[in-house]
Amino acid sequence: RTNGSPPPPPQTQRECADTARMGKSHALELPITFWRKYGVVLLWAAVGLDLIISKLGFPIIGQCVSIVCVVLYLFENISLRKAVCSFWFGMMDLYFREISIGGQHKILQINDGRAVIFACAPHVNQFVDPIVVMKVVAEKTRRHVSWMTAAKSFTRQGIGGIAKALKAIPVVRPEDNETKGRGFLISDDKNVTGSGGTQFLADFKKGSLVVVKHPIYGKLTGKVTEVVSDTQMVLAGPFQGAPTTAKPADGEEKSFNRAMSVRTTVVMVCVFFLPFAYALPPFLPDHWWPLVYMISFQMACGFTNLLYLIYRSEDSELDVIKVTARSSLTAIGSMVRGNATKDTPSAGRKGMPRVNSRCNFDHSVNQPAKTEEAPSLKVARDVDQPSAYTFLPYVDQSEMFNNVYDALGRGGTIGIFPEGGTHDGTKLLPLKWGISTMILGAIGKYRGLKISVVPVGLNYFSPHKFRSTVSVDFGDPIEVDQSIVDLWLNGGKEEKQEANCAVMELVIAGMSAVTLQAKDVETLELYRTVRRLYLPLGTRLSVADNVALTQSVAAGFRDVTNSHKCDSRLQDFHARCSEYSQMLSQYNLHDYQVQRFKDKAFSETARNQLLLRSLMRLVSVLSFSIILVPWYLSVAPATMLLAVMSDWQARKVNKMSVKGTWKILGGTVVLPIMHCWCTACFWATFGEFGGLVWFFIAPMGGMLAIFAAEEAALLIKSLKGLLFIVRNTDAGQKLSNIREELKSEVRELIPALQALEMDHGLRVRLEKRQSWLDSNTPGE
């Protein structure tokens, strides 16, 4: 090949081995060729040979031959990567109720053999995010995405095997090798002096990072430019840091702050298990004892999980129950530790006793107080007192970048999260420059290479809950101009930095167009409230359309705010929306329920009709419950274990982003174990037939139970709204009136939001719906 052209795909080890073998013996060439070109014949041979050999009186030999033929077929036609992808794609379909796709037409043009980089954000669901994107891309473009993955993950049992099977590219992160330094240091401007046995020559080299955790200024960092001796070195500049203010970890903010320990969980299960194990045997035959203990254990886990969910719930209607739950869990936790007075409940919100969330049931994790960065920017700080430190060694990433260049040179597909880590915020983290180096370096190495960067926005609705929804939104592909590449190739240090900045500006603009960002949770809720108010009554949108409309509202509000127009109107509208949201929270209602209050509950006839409807739905919920209880009990141990485990792991890292990962990874291990255990109990109770029936029928019944549970949940939500407006006519009327006023104001305010751009078809559909409602609504 000529210099600069993409390298040809290397031969796999199996192909090289086959070539060597065929070179030695031409006798194997024909069967190997036949095996690869006509592998389906092996399946036909498997059935035929099994039948023929069995008829000759050797059934076991026939089955062995059949198995060998099937294995040979699978070995050639089903790769490990495809098998792993298929399994995890199925897990995503099970975990999420809906995976909606926005802008899928924008990725159809990349199927021309070009190299592609999918830049994804926000990274809020550690293991789940890449699998979701990989699934959508594979279904729409038939491309396999190789993800940039922390090298530390490759060393973990299980995760490392999955990463290798999915052909991920390892990235060594300096923070993964953070090491505690020897001795202490102080700094004066750029000069660092060590004491107490420091060994700077052995620990540091040019490019290493020094980290000092200052009691006032928080985390201070500095980059080493020169190591003079074991006690002297020079930084690129003074230590950088910003003041931090300690903020107590509030148990009401994040539910994982009230994680239950393993010992407390075991004690809770035992407390519930003993009464059931004592009460059930008189009602069942004696030889059913395996089933008795199985049901007792399942019911104990179910009640423990229910109590735990109530304890973590933010539902104000359950305050009285939560007091009891928290008191019970606190008493048990204290009993386990042998200190009944240590976790005495303290006065909490609204006078309700509340357990100190930093002393929850376990001794093994020291949860630090949550800190919040001050609004000031990072400034230079001197370390004037001898302080302990850690250091991050310099990592040479040239091998990693060369692997990326070669993959892109072959027209491959790379996936990356430019934020560099997971988070729970409503805004993107600062993007890392690695993506710009990948683009410019690959085009520079392989002249004429065409690379498209596709921004991908991951917009979740309750990302850490089972059967939630997610929207994967694709932006317009970004292509780097050749002039920027030439500047990067031919320029000096400043020119290279300028080229990197130009590429990063393109990437940031693309990411901002597909992600929903807000300065805080309240502002994000405002955008969603405006979107709900803007939608005409009875309009149903997909998850992707909901996200797109919310993004349009957010962009419109940001433009109006930045231009200082209509500030007073926006502030007044924001305050009224917040008041409306608070009322919904107070009454435990949803906005879509308030939409249906109008003309439906404010007359005696309507109230009687709603009461009858409520009774009918209550009967439906009870019917669903009868069907669902056996399946709920069968998975209760796994549900309880996964809830506790995911909360505890989230608490250890103080981030919600690991909950979904631990639920899915843990579920793939725990659920099969629980299923086999239940099968053994049924086998011991009802014999071989009963065990086999449960083993094969239970998974299918479990899937049907999931769908039935979703329908039951919808009925319960609608029942809550119906009962509320039957019991609280005045409050329902007030909420309905407030919503109508806000809706009218939104329709007047929307034209002022010039940036409110949405899909033309969606806009036309909403306008037609609203026009029809206006023409068919009396008095309008």
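All values derive from a computational prediction rather than experimental measurement. (Residues numbered from 1 in each chain as written. Predicted model: local features only at pLDDT ≥ 70, side-chain atom pairs only at ≥ 80, totals over all residues. Heavy atoms only, no water.)

Overview of the overall build of the protein chain
- For the protein chain, the helix and strand inventory stands at 24 helices and 20 strands.
- Going through the 780 residues of the protein chain one by one, you find that 44% of them count as buried.
- Taking the intrachain contacts of the protein chain between residues at least 6 apart in sequence as the baseline, contacts between residues at least 24 apart amount to 73%. (Helix = DSSP H or I, 4+ residues; strand = E, 2+ residues; numbered from the N terminus. Buried < 20%, exposed > 50% of the residue type's maximum accessible area, 1.4 Å probe, protein only. Contact = heavy atoms within 4.5 Å.)

Some points on the packing of aromatic side chains
- Tallied over the full model, the rule gives 22 aromatic pairs.
- Here the aromatic rings of W289 and Y293 are separated by 6.4 Å at their centres, their planes lie at 70°, and the arrangement is edge-to-face. Of the two residues, W289 and Y293 are both situated in helix α11 (residues 289–312); the distance of four residues between them amounts to about one turn of the helix.
- Taking the relative accessible area as the measure of exposure, W289 reaches 54% and is therefore exposed.
- Feature note: the residues W288, W631, F682, F686 and W694 constitute an aromatic cluster, connected by ring pairs.
- Sitting over the face of the ring of W488, K496 holds its NZ or CZ atom 4.4 Å from the ring centroid. (Phe/Tyr/Trp six-rings, centres within 6.5 Å; stacked < 30°, edge-to-face > 60°. Lys NZ or Arg CZ within 6 Å of the ring centre and 35° of its normal.)

Side note on the sheet that holds strand β18 (residues 413–416)
- Taken in spatial order, the seven strands of this open sheet run β1-β20-β19-β2-β18-β3-β4, and their pairing is mixed. Edge strands, defined here as strands with exactly one partner in the open sheet, are β1 (96–102) and β4 (169–171). Within the sheet, the average angular offset between the axes of one strand and its neighbour, ignoring direction, is 25°.
- Pairing between strand β3 (residues 146–150) and β18: two bridges, direction parallel. Looking across to β18, one finds that S146 is bridged to I414.
- Docked against the sheet, helix α5 (residues 80–95) engages β1 and β20 (468–474), running at close to 105° with respect to β1. (Pairing = 2+ DSSP bridges. Axes fitted to C-alpha atoms, helices over the stretch in contact; angles between N-to-C directions.)

Here we look at a negative patch on the surface
- A contiguous patch of negative charge on the surface is contributed by D188, D189, D382 and D384.
- Tracing the backbone through its elements, the reader meets D189 in the loop between β6 (184–188) and β7 (191–195).
- A relative accessible area of 40% means that D189 is categorised as partly exposed. (Patch = residues over 30% accessible without salt bridge, like charges linked within 9 Å, V, L, I, M, F, W, Y side chains within 5 Å. Areas by Shrake-Rupley, 256 points an atom, 1.4 Å probe, with all protein chains shown as cover. Salt bridge = Lys/Arg side-chain N within 4 Å of Asp/Glu carboxyl O. Lys, Arg positive; Asp, Glu negative; His and termini not counted. Charge placed at Lys NZ, Arg CZ, Asp CG, Glu CD.)

Digging into the packing of helix α13 (residues 398–409) against helix α14 (residues 434–445)
- Here α13 crosses α14 at 60°, and the two axes come no closer than 9 Å. Regarding the angle of α13 to α14, the classification is oblique. The two elements α13 and α14 cross, and the hand of that crossing is right-handed. For the pair α13 and α14, the contacting residues are M400, F401, N402, V404, Y405, D406 and L408 in the first and G434, T437, M438, G441, A442 and K445 in the second.
- Residues belonging to the contact of α13 with α14 are distributed by class as follows: seven nonpolar, four polar and two charged. (Parallel < 35°, antiparallel > 145°, perpendicular 65-115°, else oblique. Left-handed = near helix turned anticlockwise from the far one by under 90°. Nonpolar A, V, L, I, M, F, W, Y, C, P; charged D, E, K, R; others polar.)

Some details on the pairing of strand β8 (residues 209–214)
- Where β8 meets strand β9 (residues 218–227), six bridges bridge the pair, whose relative direction is antiparallel. Looking across to β9, one finds that K213 is bridged to K219.
- Connecting β8 to the next strand, β9, in antiparallel fashion are three residues.
- Relative to strand β17 (residues 390–392), β8 runs antiparallel, the two sharing three bridges. Bridge assignment links V211 to a residue of β17, and that residue is T390.

Side note on the side chain of N125
- If you trace the backbone, N125 turns up in the loop between β2 (115–121) and α6 (128–141).
- Among residues more than four places away in sequence, those in contact with N125 are P130, Y460, P463, H464, S657, G660 and T661.

What about unusual backbone geometry?
- With an omega of -10°, the peptide bond running from A121 to P122 counts as cis.
- Mapping P122 onto the fold places it in the loop between β2 and α6.
- One non-glycine residue, K167, lies in the positive phi region at around 60°.
- Residue placement: K167 occurs in the loop between α8 (159–165) and β4.
- Judged by its relative accessible area of 51%, K167 falls in the exposed class.

Quick word on the pattern of salt bridges
- Counted under the stated rule, the structure contains 10 salt bridges.
- With a shortest N-O distance of 3.8 Å, D476 and K106 are connected by a salt bridge. Separated by 370 residues along the polypeptide, D476 in the loop between β20 and α15 (482–490) and K106 in the loop between β1 and β2 bring together distant segments of the chain.
- On the basis of relative accessible area, D476 is assigned to the exposed category, the value being 51%.
- Each of D93, K135 and E139 takes part in salt bridges that share partners, so that together they form one network.

Focus on a nonpolar patch on the surface
- Residues W683, F689, L692, V693, F695, F696, I697 and M700 make up a contiguous nonpolar surface patch of roughly 820 Å² in combined accessible area.
- When its relative accessible area of 55% is taken as the criterion, F696 is described as exposed.

Notes on the environment of Y394
- For Y394, the position within the fold is in the loop between β17 and α13.
- Sequence-distant contacts of Y394, that is, excluding residues within four places in its chain, are made with K205, K206, G207 and S208.

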